[in-house]
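Single-letter residue listing:
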Amino acid sequence: MSVVDFKKVTYIASGKAVLDNISFTVSEGNFVGIVGQNGSGKTTLIKTLLGLFKQASGEVKLFGVDPVRFKDWRKVGYIPQKVITGDNRFPLTVSEAVGLGLLSGMKNPKTLNSAGRAKVLATLKALDITEIAEKLVGRLSGGQQQRVMLARALVNDPELLVLDEPTAALDVSAGEAFMKLIRDLNEKRKVTVLLVTHDIANIGKYADKMLYIDNKMVFYGTFGDFCISPDAALYFGKYAQHIICHRHDHEKAEGVTRGA
Amino acid sequence: MLEALHYAFIQKALLAGAFISVLCAVLGVFLVLKKFSLIGDGLSHVTFFSIALGLFFKTSPLYVSVPVVAVSSLGILKLTEKGKVFGDTAIGIVSSLGIAGGIIIASLSGGFNVDLMSYLFGSILTIQWAEVALSVALSALVIALVIFYYHDLVAATFDEESAKVMGINTGRVNKVLVLLTSLTVVLSMRIVGIMLVSSFLIIPAASALQLGLSFRSTILAAAAFGFVSVISGIFISYAADLPAGASIVMVSFILFCAAFGLRKVTGK
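Residues numbered from 1 in each chain as written. Chains lettered and ligands numbered in written order. Predicted model: local features only at pLDDT ≥ 70, side-chain atom pairs only at ≥ 80, totals over all residues.

J.: In this structure, what is going on with the overall build of chain A? I would like to understand it.
T.: Looking only at helices and strands, chain A has 9 helices and 9 strands in total. Relative to a compact globule of 260 residues, whose C-alpha radius of gyration would be 18 Å, chain A shows 19 Å and is just as compact. Based on the C-alpha atoms only, the size of chain A along its principal axes is roughly 55 × 45 × 35 Å. The burial tally for chain A puts 42% of its 260 residues in the buried class. When contacts within chain A are restricted to residue pairs at least 6 apart in sequence, long-range pairs at least 24 apart make up 68% of them. (Helix = DSSP H or I, 4+ residues; strand = E, 2+ residues; numbered from the N terminus. Rg over C-alpha atoms; globule rule 2.2 N^0.38 Å. Buried ≥ 20, exposed ≤ 12 C-beta atoms within 10 Å, placed from the backbone. Contact = placed C-beta atoms within 7 Å.)

J.: Explanation requested: the interface of chain B and chain A in the structure shown.
T.: Quite often, the size of an interface is put as the accessible area lost when its parts meet. Counting residues at the interface gives 22 residues for chain B and 22 residues for chain A. Contributing elements (two or more residues each) for the side of chain B that touches chain A: α6 (129–148), α7 (150–158), α8 (160–165) and α11 (215–240) of chain B. In terms of residue count, the dominant contributor to the side of chain B that touches chain A is α7 of chain B (5 residues).

J.: Would you take a moment to explain the confidence of the model for chain B for this structure?
T.: Any region with low pLDDT has predicted coordinates that should not be read closely. Residue and element names in this part refer to chain B. Averaged over all residues, the pLDDT of chain B equals 89, while 98% of them reach at least 70. Looking at the elements of chain B, mean pLDDT is at its lowest for helix α5 (residues 114–121), recorded as 74, and at its highest for α11, recorded as 94. Quick note on the complex model: pTM equals 0.87, ipTM equals 0.85. (pLDDT = per-residue confidence, 0-100.)

J.: What is the right way to look at the nonpolar core in this model?
T.: In a soluble, globular protein the nonpolar side chains are often hidden away together inside. Core analysis: the largest hydrophobic core is formed by 157 residues, its most contacted members being Val162 and Leu194 of chain A together with Val26, Val29, Ala205 and Ala222 of chain B. Broken down by element, this core gets its largest block of residues, 15 residues, from helix α1 (residues 8–33) of chain B. Ignoring sequence-local partners within four residues, the contact set of Ala222 of chain B consists of Ala25, Val26, Gly28, Val29, Pro204, Ala205 and Ala208 of chain B. (Core = buried A, V, L, I, M, F, W, Y, C linked by C-beta atoms within 7 Å.)

J.: How should the pairing of strand β5 (residues 76–79) of chain A be read in this particular structure?
T.: In the case of a regular strand, side chains alternate between the two sheet surfaces. Residue and element names in this part refer to chain A. The alternating pattern of β5 places Val76 and Tyr78 on one face and Gly77 and Ile79 on the opposite face, and all of these are buried. In the sheet, β5 pairs with strand β6 (residues 160–164) via 4 bridges, with the strands oriented parallel. From the neighbouring strand, Gly77 faces β6, where its bridge partner is Leu161. (Pairing = 2+ DSSP bridges.)

J.: Please clarify how the environment of Leu62 of chain A should be interpreted in this entry.
T.: Residues and elements named next belong to chain A. Summarising the element assignment, Leu62 is placed in strand β4 (residues 57–62). Expressed as a C-alpha distance, the spacing of Leu62 and Asp72, which sit 10 residues apart in the sequence, is 9.9 Å. Not counting residues up to four positions away in its chain, the partners in contact with Leu62 are Val4, Leu49, Pro67 and Phe70.

J.: Sorry if this is basic, but what is going on with the environment of Thr130 of chain A here?
T.: Residues and elements named next belong to chain A. Tracing the chain through its elements places Thr130 in the loop between α3 (114–126) and α4 (142–154). The exposure class assigned to Thr130 is partly exposed, which follows from the 14 C-beta atoms found within 10 Å. Expressed as a C-alpha distance, the spacing of Thr130 and Val60, which sit 70 residues apart in the sequence, is 38 Å. Those residues within four positions of Thr130 in sequence are excluded, and the remaining contacts are Leu124 and Lys125.

J.: It is not clear to me how the pairing of β6 of chain A should be interpreted in this structure. Could you clarify?
T.: All names here are of chain A. Of all 5 residues in β6, 5 are buried; the element is thus mostly enclosed. Burial of β6 is two-sided: the residues Leu160, Val162 and Asp164 facing one way and the residues Leu161 and Leu163 facing the other way are all buried. Bridging between β6 and strand β7 (residues 192–197) involves 5 bridges; their strand directions are parallel. Bridge pairing in β7 places Val162 opposite Leu194. The parallel pair β6 and β7, bridged by helix α5 (residues 172–188), forms a crossover whose chirality is right-handed. (Right-handed = clockwise from strand over helix to strand, strands pointing away.)

In structure tokens:
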């Protein structure tokens, strides 16, 4: 069953086609890296998928349903590009923030019962952030904040995880640790992952498919397909395509060795 | 000082003031965190217009103010969301329109009369039992609605985009928040007056935010700050023969300074 389905989707902002005739399908268990330069429409694409933006034409399906009419939000975990308020006095503790995730799709008045509180604790423990449960989210380091947002996204055991540049504000080691967590979720819990990044060099280490957009779709497929794709060769040039493939093979091998 | 409790006007002031202060403080936490706290100031200026209108037509200002201020609050929200106007700009536009309208109506009715002045600066010590009952009932209604929408309000205040992806209708939540604020502003005008009503919404919330507590505890702390300000302010006003509204705001500010100092000392 397809989790995400885009058919000839066009999104227009200020008279410009930010997404121009984009079509692709993501199947259950896929890990797709959405790659492109700044302004290429990556964030617009996932906001259209999540029903935050409405496309001008084409069809978007999330678990087979138009996102605007989609109700089963417990199936979706989302980490936006900018999650944490700049105010470090924002009075939300880690456990409160994660608990909010559990309220997805509930009817009002929403309450967190003892089973819910236990689930929050279990999620904090799984992500190794139990010791900061009562700290204010705004006062944590960037890496800790991203773990908290991941915990909020995961507390419902989602089937699809959508992440918008989750490591952009992290240093290299925190970014690597975070990406390993996502890869483990995809491999062990079979969570479908859609991850926006501009880091084409490293995404191959984690994702099994790449969607490269530049407002139009440049390439969608596995990294093996990418290396022999004439479209990719035409867009990137043969030399750049070779470098990306070489880097992917090298990084993948390194990742496998480290994981073994 | 305690003999003041024997007077009916003090009893009425304490009862109405206690409910309204808690109400303002609870809503204030959400408004301050959404950086929308000046909406109280803007709506109070619209209240000035609606009171002038009520007095002009010789009807109860409260009956005119509730619908006029509610519609204005939705207007501010619409300007912000659909008109792509910044929140403070939208508040400024509606606020100045309210003042201008109020001045025109006051001028048509032959200038500012005593009634209008009492609304400008508050007159908690002269409120009637019917107004106390209305304040208590509406406060209870607003607090019940805040409890009903509590988690939606918290989620939309923290991260509106993610709240939408949780299936929360953030447009409706924002409407509920501004409508509750408009009701609260109208209710507060008799207590602190139009000129000082935004302090009721902002200062207790700002004081509680200095303490670095969880969301739930921050709301409780803001309610406590608001409650203590009103009760102390009324007693100080009685003892020192000072205006009640201004006394309440001064106590509120002293509590803010104490919370700010505590934060500096504890390094929170």
